[in-house]
Amino acid sequence: MAEGGPGAGGAGVFGRDLREVRPAAPPGRGPWPLECLLARLRTAGGSCPDLFRRRACPRGVQAVREGLEARGARGAAEFLATVGDRHLVAGAVKLYLASLPEPLLTFDLYPAFLSAACVPGTGPDVSALQDLVRGLPGPERDAVRLLMKFLKDMRGATEAEISGDEGGEAVAGRLPEPNLGALFAPLLLRRDKTWVDVDTRDIHCATAVVGYLIQNVEDLLAGDGGGSARPARESR
């Protein structure tokens, strides 16, 4: 693994606060490890119905992590181009998110997100969800935007695609928002560092939050120029 202080180049980039990742992402961009991993999945192309669902080989995922940390931001794309198994890359995405000291939707906003997603009798409070997403610290909000846009691109076929408005090409084997929400909710939204003793209703609402963010990412971030909505927190 590359030598250097915490966050220098790529060393120890997994498990570090977003503000400690070097080089720092420009405003409006996500952290470079997440950006590079998702870019590699995009270039892999083709449908993959079990992407993110299949459990990747832990040793292989760890090798991807070590390769990224050894190469750093400048060498990440070249290294990832040598990883032929997209499930290892997808596993590294989940590992990166799980290793963050605080989930992207933050511990503090956990109850507010759940309350906004599961309003009894009315469904999600769209205005509240939009305010919550826009109110995230800049680095977290940029990472959420990056991830949600990617997940929306790989989601289930839309009515237009089914009716042939996209040139008649079927988009098969892609996961709809609820399934993606269930896969990513524990990585993005937690009340503390574990899901131990979490109420079933909380899990349902957390899944609904992520599913709604995927489906409505453009609307939720409409008018957001990518800058920080509030000053970034000090690095821990």
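Structure: see above.
Given the structure is predicted, the values throughout are model-derived calculations rather than measurements.

(A) Looking closely at the packing of helix α6 (residues 138-153) against helix α9 (residues 200-215). Two elements in contact, α6 and α9, have axes whose closest approach is 8 Å; the angle formed by their N-to-C orientations is 80°. Overall, the two elements α6 and α9 adopt an arrangement that is roughly perpendicular. Counted together, Met-148, Leu-151 and Lys-152 of α6 and Val-210, Leu-213, Ile-214 and Gln-215 of α9 form the full contact between these two elements.

(B) A look at the pattern of salt bridges. Enumeration according to the criterion identifies nine salt bridges in this entry. Here Glu-140 and Arg-19 are joined by a salt bridge, their closest N and O atoms 2.6 Å apart. Here Glu-140, found in helix α6, pairs with Arg-19, found in the segment before α1 (32-44); they are 121 residues apart in sequence, far enough to count as distant. Both residues of the pair, Glu-140 and Arg-19, count as buried. Here Asp-142 ties to Arg-145 by a salt bridge, and the two come within 3.0 Å at their closest N and O atoms. One end of the pair is Asp-142 and the other is Arg-145, both in helix α6 and three residues apart, which spans about a single turn.

(C) Main features of the environment of Ala-208. Structurally, Ala-208 is set in helix α9. By relative accessible area, which is 31% here, Ala-208 ends up partly exposed. Placed 95 residues apart in sequence, Ala-208 and Phe-113 show a C-alpha to C-alpha distance of 9.7 Å.

(D) Local environment of empty space enclosed by the protein. Enumeration over the complete set of coordinates arrives at two cavities of 30 Å³ or more. Taken as a whole, the second largest cavity spans an internal volume of roughly 30 Å³. Together, Val-133, Val-144, Met-148, Leu-213, Val-217, Leu-220 and Leu-221 line the second largest cavity. Mapped by element, the contributors of at least two residues to the lining of the second largest cavity are α6 and α10 (217-220). Per-class residue counts for the lining of the second largest cavity are seven nonpolar, no polar and no charged.

The rules behind these values
Residues numbered from 1 in each chain as written. Predicted model: local features only at pLDDT ≥ 70, side-chain atom pairs only at ≥ 80, totals over all residues. Heavy atoms only, no water. Axes fitted to C-alpha atoms, helices over the stretch in contact; angles between N-to-C directions. Helix = DSSP H or I, 4+ residues; strand = E, 2+ residues; numbered from the N terminus. Parallel < 35°, antiparallel > 145°, perpendicular 65-115°, else oblique. Contact = heavy atoms within 4.5 Å. Salt bridge = Lys/Arg side-chain N within 4 Å of Asp/Glu carboxyl O. Buried < 20%, exposed > 50% of the residue type's maximum accessible area, 1.4 Å probe, protein only. 1 Å grid on protein atoms, 1.4 Å probe; cavity = no way out; pocket = protein on both sides within 12 Å on 5 of 7 lines; lining within 4 Å. Points joined across faces, edges and corners; volume = space filled by probe spheres on them. Nonpolar A, V, L, I, M, F, W, Y, C, P; charged D, E, K, R; others polar.

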